[in-house]
Amino acid sequence: MPVAGKVALLPDGSLLAGSLEVWLQLEGGRRLVAFPLPDGTFSFARVPLGVHTLGVEHRTLVFPAVKLDVGAARKGKVTAAAADVPGQPALPYPLLLRPLAQMEYFEKRQGFSLIGFLKTPYGMMAGFMLFSVFIMPKLKVDPEEYAEMKEETAKAKERVKEKFTGRRRND
């Protein structure tokens, strides 16, 4: 039984002939291939009865896969539905296949993000440096604690001085 259809033209009215291939995966595992004519039409002359999958291969466009029921449910008729979406209404026959989207081979580079940078080790070091240079000097210390800290520092200096002067005398 013949199966026919048309691959929709691109928005500018052109068909990417030569880079377009229509395939039909049969139930038994065999694969039939057809190349569309310049107007976009394609056909498979002898397709056995059964449920098959039809798809379109293209370098830069993504097409939907179509589940074809060739004379299995309705004798002598071809019915089609989207293979990826269950419960989808039947597609009109002869088929008209339109591209879904552009194929993306590479991940698009993300732009600069300040939050993303601050989460890196370099960003954390830069943030700590800026904090210690600009914020820490402005932090106020309790005057009593500051006087106590000065006394402890002076006592520690005296002890260190005594240690080093005491060692020199013993030498």
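As annotated in an unreviewed UniProt entry, the protein chain carries the name ER membrane protein complex subunit 7 beta-sandwich domain-containing protein and is attributed to Chlorella ohadii.

## Focus: the sheet that holds strand S3 (residues 31-34)
Pairing in this open sheet of 5 strands is antiparallel, and the strands run S3-S2-S5-S7-S8 from one edge to the other. Both outer strands of the open sheet, S3 and strand S8 (78-82), are each paired with one neighbouring strand and no more. Recorded for the sheet is a direction-independent mean angle of 25 degrees between the axes of neighbouring strands.

## Digging into the pairing of strand S4 (residues 41-44)
Covered by surrounding structure in S4 are Phe42 and Phe44 only, the residues Thr41 and Ser43 on the alternate face being uncovered. As judged from the 4 bridges shared by strand S1 (residues 3-7) and S4, these two strands associate in the antiparallel manner. Counterpart to Lys6 in the pairing with S4 is Thr41.

## A short note on the pairing of strand S5 (residues 50-57)
Along any regular strand, the residues point their side chains to alternate faces of the sheet. Bridge count for strand S2 (residues 21-25) against S5 is 5 bridges, and the pairing is antiparallel. Bridged to Glu21 within S5 is Glu57. As paired elements, S5 and strand S7 (residues 66-70) share 5 bridges and run antiparallel to each other. Each residue of the ladder has a partner; that of His52, found in S7, is Leu68.

## Let's talk about the UniProt feature "transmembrane region" (unreviewed entry) in the protein chain
Per the UniProt entry, the sites bearing "transmembrane region" (unreviewed entry) are residues 112-136 in this numbering. Summarising residues 112-136: 80% helix, 0% strand, and an end-to-end C-alpha distance of 29 Å.

## Brief notes about the nonpolar core
Judged by nonpolar contacts, the single largest core of 22 residues is most densely connected at Leu24, Phe44, Leu54 and Leu68. Breaking this core down by element, the ones donating at least two residues are S1, S2, S3, S4, S5, S7, S8 and strand S9 (95-97). Top element by residues in this core is S7. It accounts for 3 residues. Not counting the four nearest positions on each side in its chain, Leu68 is found in contact with Val3, Leu24, Gly50, Val51, His52, Leu54, Val78, Thr79, Ala80 and Leu95.

## Regarding the packing of aromatic side chains
The geometry of two aromatic rings is summed up by the distance between their centres and the angle between their planes. For the structure on display, the rule yields 2 aromatic pairs. Considering the side-chain rings of Phe42 and Phe44, the 6.1 Å spacing of their centres and the 70 degrees angle between planes classify their relative orientation as edge-to-face. It is Arg31 that lies over the ring of Trp23; its NZ or CZ is 4.3 Å from the centre.

## Some details on a nonpolar patch on the surface
On the surface, Phe128, Met129, Leu130, Phe131, Val133, Phe134, Ile135, Met136 and Leu139 cluster together into a nonpolar patch covering about 890 Å² of accessible area. Inspection of the secondary structure assignment puts Phe134 in helix H2 (residues 121-135).

## Quick look at the side chain of His58
Inspection of the secondary structure assignment puts His58 in the loop between S5 and strand S6 (61-62). A polar side-chain atom of His58 sits 3.1 Å from the main-chain amide nitrogen of Leu61.

Basis of the calculations
- Residues numbered from 1 in each chain as written.
- Predicted model: local features only at pLDDT ≥ 70, side-chain atom pairs only at ≥ 80, totals over all residues.
- Heavy atoms only, no water.
- Pairing = 2+ DSSP bridges.
- Helix = DSSP H or I, 4+ residues; strand = E, 2+ residues; numbered from the N terminus.
- Axes fitted to C-alpha atoms, helices over the stretch in contact; angles between N-to-C directions.
- Buried < 20%, exposed > 50% of the residue type's maximum accessible area, 1.4 Å probe, protein only.
- UniProt positions renumbered as here; feature names shortened; annotations may be inferred.
- Core = buried A, V, L, I, M, F, W, Y, C linked by side-chain atoms within 4.5 Å.
- Contact = heavy atoms within 4.5 Å.
- Phe/Tyr/Trp six-rings, centres within 6.5 Å; stacked < 30°, edge-to-face > 60°.
- Lys NZ or Arg CZ within 6 Å of the ring centre and 35° of its normal.
- Patch = residues over 30% accessible without salt bridge, like charges linked within 9 Å, V, L, I, M, F, W, Y side chains within 5 Å.
- Areas by Shrake-Rupley, 256 points an atom, 1.4 Å probe, with all protein chains shown as cover.
- Salt bridge = Lys/Arg side-chain N within 4 Å of Asp/Glu carboxyl O.
- Polar contact = N/O pair within 3.5 Å; in protein donor to acceptor, adjacent residues only side chain to side chain.

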